[in-house]
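Working through the structure, step by step
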Amino acid sequence: MKLTIVEYPDKRLKEKSKTIERFDKELHQLLDDMYETMISSNGIGLAAIQVGHAKRVLLLNIPDENDEQSIESLIEMINPVITQKSGVTTYQEGCLSVPSFYEDVDRHESITVNYQDRDGNTKSIEADGLLSIAIQHEMDHLEGILFIDKLSYSRRKKFEKEYKRMQKEKKLSKS
Ligand code: Y12
Ligand code: CO
């Protein structure tokens, strides 16, 4: 089932998500629904709080060299923890919860992440490039942090102005 994406400035996006203790049917249904929601919204990453569940759950589905997304490259992360990080990289990020806005954000270039899969098995992954950026973006959601919270004061002001204007235009086009 496709779920509704929570959009900025909804306060739920500021919530800190809770550790998953039970790897049961309910978790599997949430993961399946999140996947359907992410793919049908043209997303490459999604955290559970973006569909209103404050749980330490996220999905990543990075497109391949032909810009195609396949379920084979889907990564489901439960209770992720970054154990190693190095370097700095900058990428123009976007977020399904902040539609139509993109900005440069600095992240660690390479990371190692320990996490659990949907059955509670412990896993570890070394990531760089877009996967590393996407994991860090989604892990920020688990702490209630959006990529716009990482902007400088002046860029944030620019965002608030642009976003308000876009929301107004959206409302007008619907009326
Ligand atoms: C690099 C940077 C950030 C991430 C986090 C995951 N972000 C997304 O999946 C963003 C998706 C997105 C999709 C949009 O919709 C379309 O392109 C049709 C979009 O545009 C609108 O909302 C109008 C914005 C963001 C991963 C890697
Ligand atoms: Co996001």
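Higher on the page you've got the structure.
Residues numbered from 1 in each chain as written. Chains lettered and ligands numbered in written order. Predicted model: local features only at pLDDT ≥ 70, side-chain atom pairs only at ≥ 80, totals over all residues. Heavy atoms only, no water.

**Thoughts on the overall build of the protein**
Tallying secondary structure elements over the protein gives three helices and five strands in all. Helices and strands appear in the protein in the N-to-C order α-β-β-β-β-β-α-α. Expected size for 175 residues packed as a compact globule is a radius of gyration near 16 Å; at 16 Å, the protein falls within 12% of this value. Structurally, the protein occupies a C-alpha span of about 50 × 40 × 35 Å along its principal axes. Summarising the internal contacts of the protein: among those between residues at least 6 apart in sequence, 65% fall at separations of at least 24. In the protein, the 26 positive side-chain charges and the 31 negative ones have mean positions that sit 11 Å from each other. (Helix = DSSP H or I, 4+ residues; strand = E, 2+ residues; numbered from the N terminus. Rg over C-alpha atoms; globule rule 2.2 N^0.38 Å. Contact = heavy atoms within 4.5 Å. Lys, Arg positive; Asp, Glu negative; His and termini not counted. Charge placed at Lys NZ, Arg CZ, Asp CG, Glu CD.)

**Some points on the pattern of salt bridges**
Under the criterion given, the structure shown has 17 salt bridges. Across the pair Lys55 and Glu26 runs a salt bridge whose closest N-O atoms are separated by 3.5 Å. You can see Lys55 sitting in the loop between β1 (45-47) and β2 (57-60) and its partner Glu26 sitting in helix α1 (residues 25-40), a full 29 residues away along the chain. With a closest N to O distance of 2.4 Å, Arg56 and Glu143 form a salt bridge. With a gap of 87 residues between them, Arg56 in the loop between β1 and β2 and Glu143 in the loop between α2 (129-142) and α3 (153-174) connect regions that are remote in the sequence. Look at Glu143 and you get partly exposed, because its relative accessible area is 32%. Three or more residues joined by partner-sharing salt bridges are found here, namely Glu93, Arg107, Asp140 and Lys150. (Salt bridge = Lys/Arg side-chain N within 4 Å of Asp/Glu carboxyl O. Buried < 20%, exposed > 50% of the residue type's maximum accessible area, 1.4 Å probe, protein only.)

**Section: the sheet that holds β1**
Within the open sheet, the five strands sit side by side as β1-β2-β3-β4-β5. Their pairing is antiparallel. Among the strands making up the open sheet, the edge pair consists of β1 and β5 (122-127). This sheet shows a mean twist of 40 degrees between the axes of neighbouring strands, independent of strand direction. Relative to β5, strand β4 (residues 98-116) runs antiparallel, the two sharing six bridges. Residue pairing in the sheet places Gln116 in a bridge with Thr122 of β5. Strand contacts of α1: β1, β2 and β3 (75-95), with the helix running at about 40 degrees to β2, the strand carrying the most contacts. (Pairing = 2+ DSSP bridges. Axes fitted to C-alpha atoms, helices over the stretch in contact; angles between N-to-C directions.)

**Quick word on the site of ligand 1**
Lining the immediate surroundings of ligand 1 are 18 residues, of which Ile44, Gly94, Pro99, Ser100 and Tyr102 lie closest. At a separation of 2.8 Å, an oxygen atom of ligand 1 approaches a polar backbone atom of Ile44. Contact with the protein chains removes 75% of the 630 Å² of surface that ligand 1 exposes when unbound. Contributing elements (two or more residues each) for the shell around ligand 1: β3, β4 and α2. (Near = heavy atom within 4 Å. Polar contact = N/O pair within 3.5 Å; in protein donor to acceptor, adjacent residues only side chain to side chain. Areas by Shrake-Rupley, 256 points an atom, 1.4 Å probe, with all protein chains shown as cover.)

**Let's talk about a negative patch on the surface**
A surface patch of negative charge is lined by Asp64, Glu65, Asp67 and Glu68. Its place among the elements puts Asp67 in the loop between β2 and β3. (Patch = residues over 30% accessible without salt bridge, like charges linked within 9 Å, V, L, I, M, F, W, Y side chains within 5 Å.)

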